[in-house]
Amino acid sequence: MARKRVHRNYRIRDTGAGLFEDLLGVTASAHGAEALADGEVVQIRAYLDSPTYRWYQRLRVVIEVAVQDGYHIYGTPIPDGYVPLSVTLDPVDGLELGEAAWPQPHRFLMEGLAEEFWVHEGNVPGSVPLMFTKDGTGDHRLRLAVRYQACSAHACLPPAHVRFELPVHEVAAVDASTKP
Amino acid sequence: MSADDYSQRGPAVGERFPDVRLPDQSGALVGLHAARRGRHALVVFYRSARW
């Protein structure tokens, strides 16, 4: 037994791709449509681990942030006045967005400043769980944004955000053809 | 029993998963460890197929 996970609510079901990736480290070849978006000194690639959803099925938004060489973006913990990497979702009735999981940032000391920073550089792979808790809400185009602040060793850019959309199609929770 | 206690049930992390033998969709008995042949396996339990 390498790992064990129990959902508190019996209704919650992970996607197959989410289970394989999260527990076995196997990236599924099939997933939802990809979104590509550019921000200042970053590129975003994002997709849902399933193109479809069922009521109470836990999907994951996979987000890959590529930070331009020479720059870093902030993780947490972070001093006041700086903006850490985060993901937001435009509200959808019955849709819950969980907490994003990012790799551990590394410690960074900027010359001349007494503050300690925790930053990400290079490729930053992350994921955010989301779940529809209402049945029958139909198909959606989820509108998400990655918010970040990038700095080089000498200067900081203003906080920025990159927006993108991901389509998802509702399927029935129980296949009607299996009813006795 | 609180919901938190369910994570303490069954084999613990680090223990060998029991070699369960259960019928497949055709009724043939399948042993877990024989079937996985040394590879990783995902074992998923759903409490209810519908709710």
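Refer to the preceding data block for the structure.
Computed from a predicted structure; not experimentally measured.

1. Here's the deal with the state of the cysteines
All names here are of chain A.
Consideration 1: Under the definition given, this model contains one disulfide over all chains.
Consideration 2: The partner cysteine of C151 in its disulfide is C156, sulfur to sulfur 2.0 Å. Given an S-S torsion of about 105°, the disulfide between C151 and C156 has right-handed geometry.

2. Focus on the side chain of R60 of chain A
Residue and element names in this part refer to chain A.
Consideration 1: Relative to the helices and strands, R60 is located in strand 5 (residues 57–67).
Consideration 2: Here R60 falls in the buried class, since its relative accessible area comes to 13%.
Consideration 3: Leave out the neighbours within four places in its chain, and R60 touches G18, E21, Y47, L48, D49, S127, V128 and P129.

3. So, helix 1 (residues 16–24) of chain A
All names here are of chain A.
Consideration 1: All of the buried residues along helix 1 are A17, G18 and L19.
Consideration 2: Among the structural elements, strand 1 (13–14) and strand 5 are those in contact with the buried residues of helix 1.
Consideration 3: Phi turns positive, to about 70°, at G25, one or two residues after helix 1.

4. A look at the sheet that holds strand 4 (residues 52–53) of chain A
Think of a sheet as strands paired side by side through backbone hydrogen bonds, with each pair either parallel or antiparallel.
Residue and element names in this part refer to chain A.
Consideration 1: With mixed pairing, the four strands of this open sheet are ordered in space as 4-14-12-7. Only two strands of the sheet have a single partner each, and these edge strands are strand 4 and strand 7 (86–89).
Consideration 2: Where strand 7 and strand 12 (residues 140–148) come together, four bridges link them in antiparallel fashion. By the bridge assignment, S86 is partnered in strand 12 with R147.

5. Looking at the layout of surface pockets
Consideration 1: Empty space within the largest pocket amounts to approximately 1300 Å³.
Consideration 2: Around the largest pocket, the lining comprises 37 residues; the ones closest to its centre are K4 and R5 of chain A together with V43, V44 and F45 of chain B.
Consideration 3: Of all elements in the fold, only strand 1 and helix 1 of chain A together with helix 1 (32–36) of chain B reach the threshold of two or more residues within the lining of the largest pocket.
Consideration 4: When the residues that make up the lining of the largest pocket are grouped by side-chain class, the tally is 20 nonpolar, six polar and eleven charged.

6. Some thoughts on the nonpolar core
Residue and element names in this part refer to chain A.
Consideration 1: Counting residues in each nonpolar core, the largest one holds 33 residues, and the members touching the most others are V42, I44, I63, V65, L142 and F164.
Consideration 2: The set of elements that each furnish at least two residues to this core consists of strand 2 (34–39), strand 3 (42–48), strand 5, strand 7, strand 11 (123–132), strand 12 and strand 14 (160–170).
Consideration 3: Ignoring any residue separated from it by four or fewer positions in sequence, one finds F164 in contact with A35, A37, I44, A46, I63, L142, R143, L144 and V146.
Consideration 4: Within the second largest apolar cluster, six residues are counted, among which are Y74, M110, V119 and C151.

What counts, and where the lines are drawn
Residues numbered from 1 in each chain as written. Chains lettered and ligands numbered in written order. Predicted model: local features only at pLDDT ≥ 70, side-chain atom pairs only at ≥ 80, totals over all residues. Heavy atoms only, no water. Disulfide = S-S within 2.5 Å. Helix = DSSP H or I, 4+ residues; strand = E, 2+ residues; numbered from the N terminus. Buried < 20%, exposed > 50% of the residue type's maximum accessible area, 1.4 Å probe, protein only. Contact = heavy atoms within 4.5 Å. Pairing = 2+ DSSP bridges. 1 Å grid on protein atoms, 1.4 Å probe; cavity = no way out; pocket = protein on both sides within 12 Å on 5 of 7 lines; lining within 4 Å. Points joined across faces, edges and corners; volume = space filled by probe spheres on them. Nonpolar A, V, L, I, M, F, W, Y, C, P; charged D, E, K, R; others polar. Core = buried A, V, L, I, M, F, W, Y, C linked by side-chain atoms within 4.5 Å.

None of the figures reported here should be taken as evidence of function without further support.
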